[in-house]
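Read off the chains here:
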Amino acid sequence: MRQIVNTANGSYDVLKVQEVPDLVPKKDELVINVKAAGLNFADILARKGQYPDGPSKPCVMGYEVSGIVDSVGDKIDKSWVGKEVIAMCRFRGQAEQVCIKERQAYEKPQNLSFEEAAAIPVNYLTAWVLLVVMGSLQKNESVLIHNVGGGVGIAALDIVKHIGAEAYGTASHRKHRFLNERGLEFAIDYRSKDWLDEIMKLTDGRGVDLITDPLGGKEWKRSYKALRATGRLGMFGISTASGGPESGLKSYWNMLKTVVQMPFYHPLSLINKNRGVFGVNLGHIWHEPEKAALWTKEILNGVEEGWINPHVDTTFTFEEAGEAHRYIEERKNIGKVILVP
Ligand SMILES: NC(=O)c1ccc[n+]([C@@H]2O[C@H](COP(=O)([O-])OP(=O)(O)OC[C@H]3O[C@@H](n4cnc5c(N)ncnc54)[C@H](OP(=O)(O)O)[C@@H]3O)[C@@H](O)[C@H]2O)c1
């Protein structure tokens, strides 16, 4: 089988497609023949050596797949074989085959293509935890979704619309029309305007009830300022640390600058302003499979009921993995980028 190997820290040329022997499941595993694999921002940070949770190189990245179960171990029900599934995996998903435990697999919704189905796990689980589980978003509240044009952003928009809250979002200007058509009430071009000024103007100086913020660094301080009373800030990424495609000194410098600019929140400020702050890292929740199963079921219900609609922007072949990384780094994607064997 073929897999995308991240051979070293660096630019797009460090990604190579390599052939390895087919996988054989252990007693408690399933082997999936992968039809589509999600590409995430974390894969890009990992390529550049900016992702502390990434495996050591050479490695195969990939947190999520859709495909067909090829074979199962002795302890697994044989009825899985031949089923169309989606799965989260701890790396190694960007390959023609991946090995997973049974609890990581869910039947693929029939009305979704393999590409659409592979866009569900990371984006929708992250958005669900941010908005529903920890953000406790209520009908008629307001939410600011930073990077609303990316995979997590569009997933968040689906959930916000279902809850019935008012959605503001930051994105590059060319994505605004698409986002408005998808239900975003107010799009802010944060690359040409100061988004904090804009959100305060749009809300008559009040701010919003919830902010989902993957920007990081000093932006977390500014997001905190944009919360109204009982407002919550969910922090979950540091996309401002990602500069150009290269690794090396410049990328370490960007990372350092982002970390140094991160705020500290004083308990007295939280109490007196009636505000909450929290963090989300999906990669650190593997020890809570029951919770993840519950959230996934609610998301798959949303697919069945029609209020969850994963949007795939573009599909690249494994050989085009470098182009896929470039596409995201040049901020071209609206929604999900998918890799297919
Ligand atoms: N903690 C977690 O569990 C978790 C899980 C998933 C994702 N995340 C984080 O959430 C963020 C978004 O992820 P995603 O999967 O939605 O992203 P994505 O689909 O890959 O899209 C990223 C979007 O972010 C915007 N962006 C902001 N800064 C950027 C930069 N320096 N380079 C390139 N694009 C940049 C771009 O759109 P605009 O220019 O239009 O804004 C781009 O379209 C990332 O920081 C990621 O690491 C965290």
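This report concerns the structure included in the present document. A quick note: this is a predicted structure, and the numbers were derived from the prediction, not measured.

Details of the site of the ligand
No. 1: Around the ligand sit 25 residues, and of these G151, S172, Y190, F236 and L282 come closest.
No. 2: Its residues assigned to classes, the shell around the ligand shows 10 nonpolar, 11 polar and 4 charged.

Points about the environment of W295
No. 1: Its location among the elements puts W295 in helix 10 (residues 289–305).
No. 2: The class of W295 is buried, set by a relative accessible area of 8%.
No. 3: Along the sequence, W295 and Y124 sit 171 residues apart, while their C-alpha atoms lie 9.3 Å from each other.

So, the sheet that holds strand 13 (residues 276–279)
No. 1: Taken in spatial order, the 6 strands make up an open sheet running 10-9-8-11-12-13, and their pairing is parallel. On the outer flanks of this sheet lie strand 10 (186–188) and strand 13, each paired with one strand and no other. Across this sheet, the average inter-strand angle for adjacent strands is 15°, counted without regard to direction.
No. 2: Pairing of strand 12 (residues 227–235) with strand 13 involves 4 bridges; the strand directions are parallel. Within strand 13, the residue paired with L233 across the bridge is V277.
No. 3: Helix-sheet contacts for helix 7 (residues 218–225) involve strand 11 (208–213), strand 12 and strand 13, and the interaxial angle to strand 12 is about 155°.

A word on helix 3 (residues 121–134)
Residues lying three or four places apart along an α-helix face the same way, a consequence of the helix completing one turn every 3.6 residues.
No. 1: Maximum bend of helix 3: about 30°, positioned at W128.
No. 2: Taken across its 14 residues, helix 3 has 11 buried, putting it largely inside the fold.
No. 3: Taken as a whole, helix 3 has its buried residues at P121, V122, N123, Y124, L125, T126, A127, W128, V129, L130 and L131.
No. 4: The positive-phi residue at the C-terminal boundary of helix 3 is S136, with phi of around 50°.

Some remarks on the packing of helix 3 against helix 4 (residues 151–163)
No. 1: Running from amino to carboxyl end, helix 3 crosses helix 4 at an angle of 50°, the nearest separation of the two axes being 8 Å. On the basis of their axis angle, the class for helix 3 and helix 4 is oblique. Crossing handedness for the pair helix 3 and helix 4: right-handed. From helix 3, N123, Y124, T126, A127, W128, L131 and V132 reach across to helix 4, where they touch G151, V152, A155, A156, D158, I159, V160 and I163.
No. 2: Partitioned by chemical class, the residues of the contact of helix 3 with helix 4 number 11 nonpolar, 3 polar and 1 charged.

A closer look at the packing of aromatic side chains
No. 1: Scanning the entire structure with this criterion turns up 5 aromatic pairs.
No. 2: With 6.3 Å between their ring centres and 25° between their planes, W128 and W307 make a pair best called stacked. Of this pair, W128 sits in helix 3 while W307 sits in the loop between helix 10 and strand 14 (312–317); the two residues are 179 residues apart in sequence, bridging distant segments of the chain.
No. 3: Given the relative accessible area of 16%, W307 is considered buried.
No. 4: Ring centres of Y168 and F186 lie 4.7 Å apart, and the angle between their planes is 15°; this geometry places the pair in the stacked category.

Side note on helix 4
No. 1: Between its first and last C-alpha, helix 4 extends 19 Å over 13 residues, near the 18 Å set by a 1.5 Å rise per residue.
No. 2: For helix 4, a buried count of 11 out of 13 residues is recorded, marking the element as mostly surrounded by other parts of the structure.
No. 3: Inspection of helix 4 places G151, V152, G153, I154, A155, A156, L157, D158, I159, V160 and I163 among the buried residues, and these make up the whole buried set.
No. 4: Structurally, helix 4 contributes buried residues whose contacts are with helix 3, strand 8 (142–145), strand 9 (166–170) and helix 5 (176–181).
No. 5: Phi turns positive, to about 95°, at G164, one or two residues after helix 4.

Rules behind the numbers
Residues numbered from 1 in each chain as written. Predicted model: local features only at pLDDT ≥ 70, side-chain atom pairs only at ≥ 80, totals over all residues. Heavy atoms only, no water. Near = heavy atom within 4 Å. Nonpolar A, V, L, I, M, F, W, Y, C, P; charged D, E, K, R; others polar. Helix = DSSP H or I, 4+ residues; strand = E, 2+ residues; numbered from the N terminus. Buried < 20%, exposed > 50% of the residue type's maximum accessible area, 1.4 Å probe, protein only. Pairing = 2+ DSSP bridges. Axes fitted to C-alpha atoms, helices over the stretch in contact; angles between N-to-C directions. Contact = heavy atoms within 4.5 Å. Bend = angle between axes of the 7 residues up to and from the residue. Parallel < 35°, antiparallel > 145°, perpendicular 65-115°, else oblique. Left-handed = near helix turned anticlockwise from the far one by under 90°. Phe/Tyr/Trp six-rings, centres within 6.5 Å; stacked < 30°, edge-to-face > 60°. Expected span 1.5 Å × (residues − 1).

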